[in-house]
Amino acid sequence: MTRMTCRIWCLSAILVPVAAAGALAQSTSPAEQRIAAARRSIAVSPGQHERFNDLALAFARRARETADPAYYDRAEEAIGRSLELAPENFNALKMRTWVLLGKHEFARALTLARTLNEQVPDDVLVYGFLTDAHAELGNYEEAEEACQWMLDMRPGNIPALTRAAYLRELFGDIEGAIDLMRTAYERSAPGEVEDRAWMLTQLAHLELTAGRTGPADALLDEAIGLVPDYHYALAQLARLRSAQGRHADAVALLARRYEGAPHPENLYAVAEALDGAGRKEEARAAYAEFEAQALRESRGWDNANRELIFYYADRAQKPVEALKVALMEVARRQDVYTLDAYAWALHVNGRQADALQQMDRVLAVGLRDPEVLSRAAAIAAAVDHGPAGTYRDSGR
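The rules behind the values
Residues numbered from 1 in each chain as written. Predicted model: local features only at pLDDT ≥ 70, side-chain atom pairs only at ≥ 80, totals over all residues. Heavy atoms only, no water. Helix = DSSP H or I, 4+ residues; strand = E, 2+ residues; numbered from the N terminus. Rg over C-alpha atoms; globule rule 2.2 N^0.38 Å. Buried < 20%, exposed > 50% of the residue type's maximum accessible area, 1.4 Å probe, protein only. Expected span 1.5 Å × (residues − 1). Polar contact = N/O pair within 3.5 Å; in protein donor to acceptor, adjacent residues only side chain to side chain. Contact = heavy atoms within 4.5 Å. Axes fitted to C-alpha atoms, helices over the stretch in contact; angles between N-to-C directions. Parallel < 35°, antiparallel > 145°, perpendicular 65-115°, else oblique. Nonpolar A, V, L, I, M, F, W, Y, C, P; charged D, E, K, R; others polar. Core = buried A, V, L, I, M, F, W, Y, C linked by side-chain atoms within 4.5 Å. Phe/Tyr/Trp six-rings, centres within 6.5 Å; stacked < 30°, edge-to-face > 60°. Lys NZ or Arg CZ within 6 Å of the ring centre and 35° of its normal. Left-handed = near helix turned anticlockwise from the far one by under 90°. Salt bridge = Lys/Arg side-chain N within 4 Å of Asp/Glu carboxyl O. pLDDT = per-residue confidence, 0-100.

Here we look at the overall build of the chain
For step 1, the next point in the chain: Across its full length, the chain holds 20 helices and 0 strands.
For step 2, the next point in the chain: Taken over C-alpha atoms, the radius of gyration comes to 21 Å for the chain, in line with the 21 Å a tight globule of 396 residues would show.
For step 3, the next point in the chain: The principal-axis extents of the C-alpha atoms in the chain amount to approximately 75 × 45 × 40 Å.
For step 4, the next point in the chain: The buried share of the chain, taken over its 396 residues, is 56%.

Observations regarding helix α6 (residues 124-137)
Owing to its 3.6 residues per turn, the α-helix brings residues three or four apart onto one side.
For step 1, the next point in the chain: Between its first and last C-alpha, α6 extends 20 Å over 14 residues, near the 20 Å set by a 1.5 Å rise per residue.
For step 2, the next point in the chain: Of all 14 residues that make up α6, 14 are buried, and the element is covered over most of its length.
For step 3, the next point in the chain: Measuring from the side-chain oxygen of the N-cap residue of α6 to the backbone nitrogen of leucine 125 gives 3.1 Å; that N-cap residue is aspartate 123.
For step 4, the next point in the chain: Just past α6, the residue glycine 138 takes up positive phi, approximately 90 degrees.

A word on helix α4 (residues 90-102)
For step 1, the next point in the chain: Over its 13 residues, α4 extends 19 Å from the first C-alpha to the last, a length consistent with the 18 Å expected when each residue adds 1.5 Å.
For step 2, the next point in the chain: Of all the 13 residues making up α4, 11 are buried; the element is thus mostly covered by neighbouring parts of the structure.
For step 3, the next point in the chain: Of all the residues in α4, the buried ones are Phe90, Ala92, Leu93, Lys94, Met95, Thr97, Trp98, Val99, Leu100, Leu101 and Gly102.
For step 4, the next point in the chain: In this structure, the buried side of α4 is in contact with α2 (49-66), α3 (70-85), α5 (106-119) and α6.
For step 5, the next point in the chain: Among the residues trailing α4, histidine 104 stands out with phi positive, at a value near 65 degrees.

Side note on the packing of α2 against α3
For step 1, the next point in the chain: Between α2 and α3, whose axes approach to 8 Å, the crossing angle comes to 170 degrees. The angle between α2 and α3 places the two elements in the roughly antiparallel class. Between α2 and α3, the contacting residues are His49, Phe52, Asn53, Leu55, Ala56, Phe59, Ala60, Arg62, Ala63 and Thr66 on the first element and Tyr71, Tyr72, Arg74, Ala75, Ala78, Ile79, Arg81, Ser82 and Leu85 on the second.
For step 2, the next point in the chain: Of the residues contributing to the contact of α2 with α3, the split by class is 12 nonpolar, 4 polar and 3 charged.

A few points about the nonpolar core
For step 1, the next point in the chain: If you look at the biggest cluster of nonpolar residues, it comprises 84 residues, and the most contacted ones within it are Leu170, Phe290 and Val336.
For step 2, the next point in the chain: Ranked by residue count, the leading element in this core is helix α18 (residues 336-348), at 9 residues.
For step 3, the next point in the chain: Apart from the residues lying within four places of it in its own chain, the contact partners of valine 336 are Tyr140, Leu170, Val362, Val365 and Leu367.
For step 4, the next point in the chain: Judged by nonpolar contacts, the second largest core, of 42 residues, contains Tyr72, Ala113, Phe129 and Ala133.

A word on the side chain of arginine 241
For step 1, the next point in the chain: Note that arginine 241 resides in helix α12 (residues 231-243).
For step 2, the next point in the chain: Excluding residues within four positions of it along the chain, arginine 241 makes contact with Asp217, Arg246, His247, Asp249, Ala250 and Leu253.

Let's talk about the packing of aromatic side chains
For step 1, the next point in the chain: Summed over all chains, the structure comprises 9 aromatic pairs.
For step 2, the next point in the chain: Site record: aromatic cluster; members linked through ring pairs are Tyr268, Tyr287, Phe290, Tyr311 and Tyr312.
For step 3, the next point in the chain: In this structure, arginine 332 packs its charged tip against the face of tryptophan 301, placed 5.1 Å from the ring centre.

Some thoughts on the packing of α18 against helix α19 (residues 352-365)
For step 1, the next point in the chain: Viewed as axis vectors pointing N to C, α18 and α19 meet at an angle of 160 degrees, and their least axial separation amounts to 8 Å. Comparing their axes, α19 and α18 come out roughly antiparallel. The interaxial crossing formed by α18 with α19 has left-handed handedness. In this structure, α18 contributes Val336, Leu339, Asp340, Tyr342, Ala343, Leu346 and His347 to the contact, and α19 contributes Gln352, Asp354, Ala355, Gln358, Met359, Arg361, Val362 and Val365.
For step 2, the next point in the chain: When grouped by side-chain class, the residues that make up the contact of α18 with α19 number 9 nonpolar, 3 polar and 3 charged.

Here we look at the environment of asparagine 91
For step 1, the next point in the chain: Locating asparagine 91 in the fold gives a position in helix α4.
For step 2, the next point in the chain: Classification of asparagine 91 as partly exposed rests on a relative accessible area of 21%.
For step 3, the next point in the chain: Between the C-alpha atom of asparagine 91 and that of valine 124, which follows or precedes it by 33 residues, the distance is 13 Å.

A closer look at the pattern of salt bridges
For step 1, the next point in the chain: Under the definition given, this model contains 32 salt bridges.
For step 2, the next point in the chain: Of the charged contacts in the structure, one is a salt bridge between arginine 34 and glutamate 192, with a shortest N-O distance of 2.8 Å. Of the two residues, arginine 34 sits in helix α1 (residues 30-44) while glutamate 192 sits in the loop between α9 (174-187) and α10 (193-209), which places them 158 residues apart along the sequence. The burial state of arginine 34 is the same as that of glutamate 192; both residues are buried.
For step 3, the next point in the chain: As a salt-bridge pair, glutamate 76 and arginine 96 come within 2.5 Å of each other at their nearest N and O atoms. In this pair, glutamate 76 is assigned in helix α3 and arginine 96 in helix α4, connecting sequence segments 20 residues apart.

Some remarks on the confidence of the model for the chain
For step 1, the next point in the chain: When pLDDT is averaged across the chain, the result is 91; 90% of the residues are at 70 or more.
For step 2, the next point in the chain: In the model, residues 1-26 has pLDDT below 50 throughout and makes 105 contacts with residues more than four positions away in sequence or in other chains.
For step 3, the next point in the chain: Between residues 387-396, whose pLDDT stays under 50, and residues either more than four places distant or in other chains, the model counts 14 contacts.

Notes on the environment of serine 41
For step 1, the next point in the chain: When you line up the elements, serine 41 lands in helix α1.
For step 2, the next point in the chain: A residue is classified by how much of its surface remains accessible, and serine 41, at 16% relative accessible area, is buried.
For step 3, the next point in the chain: The spacing of serine 41 and phenylalanine 52 is 11 residues in sequence and 9.0 Å in space, taken between C-alpha atoms.

Thoughts on the side chain of serine 29
For step 1, the next point in the chain: Checked against the element boundaries, serine 29 lands in the segment before α1.
For step 2, the next point in the chain: For serine 29, a relative accessible area of 13% corresponds to the buried category.
For step 3, the next point in the chain: Among the polar contacts listed, one links the side chain of serine 29 to the side chain of glutamate 65, at a separation of 2.5 Å.
For step 4, the next point in the chain: Discounting chain neighbours no more than four positions away, the residues touching serine 29 are Arg62 and Glu65.

Listed below in structure tokens is the structure:
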């Protein structure tokens with residue numbers, strides 16, 4: 001599970017306007033500039049609640065830039081101050097919804113988004129939050145409906161296009177996803193540097209999924225040119241280098257990402273890359289540290305449980321532990337990626353019919369992720385041939 005799922009949060013030109021940052025030092029990021037500008041505005045007008053909404057938005061954007069969830073806590077503090085000044089003000093509650101999404105509290109975010117949608121039925125971004133929450137919970141028909149409302153209400157708006165691109169990817173339409181994401185990129189303002197780097201990274205991810213490494217390489221080079229050491233771009237570039245057999249480069253890239261965003265799922269990627277590079281002892285040490293870190297946060301909403309499931313299933317040879325974690329996670333959300341991990345945990349525990357049932361739910365959505373398709377094929381083969389390798393007609 002990618003920490004602070006970024007693919008659904010492109011907010012250019014829709015949320016609360018932030019005061020112009022002015023000509024700050026180029027060493028500061030766009031979000032840091034917004035934080036500084038909002039703080040200056042608060043110093044001048046400390047009684048205006050919208051200034052605190054601006055600050056909350058700036059902190060939330062900084063969370064995406066850095067993958068540091070502590071910025072969501074700071075955003076929540078600013079939201080609290082805004083609500084003290086103006087109880088139940090709509091923009092503060094919108095920001096709270098975004099923060100809940102950032103913290104992966106998707107059910108709570110959905111409840112709040114529904115409440116806001118009832119209050120103001122024509123707010124475009126609230127439909128975006130409904131899209132986000134439904135998608136992360138696995139309610140794909142509802143997500144598609146909410147996203148269509150965004151597009152109908154404000155045709156061509158960037159947040160709707162990026163969400164539509166993500167849904168197209170989930171539904172198996174990679175080329176359609178590329179077209180939508182490229183349109184969003186072309187409509188984005190040049191000054192929205194991090195947004196543009198994010199969209200370029202998503203385009204590279206889609207090109208890689210389609211098997212086109214050349215365009216992906218060029219897109220990632222452009223993204224890193226906009227935001228050096230951008231953690232999302234480093235991850236995709238490492239994926240590309242692994243596909244090219246450049247395993248040492250992949251290790252170095254993922255180590256850079258982990259240094260900047262030291263989360264357990266990022267360490268798991270380092271361990272896998274070390275394994276692929278033949279550095280087995282280092283990989284074992286990294287896996288062990290990953291397990292310790294992942295277990296510490298496994299009961300939290302923002303966790304590395306999907307990686308932990310695969311670690312127990314494929315690396316540690318602890319199928320019972322894999323299923324235990326999978327059951328905990330699938331009780332919270334049933335998106336395709338969680339169901340994929342759950343199916344694999346069932347598979348390694350010998351529950352092939354149950355595994356096939358869950359994987360069929362994944363494939364019914366249309367997902368074309370190569371790793372997921374590989375696991376689906378392994379599960380189907382296990383069902384067809386039975387645990388002892390003898391043929392058994394599955395009816396498929």
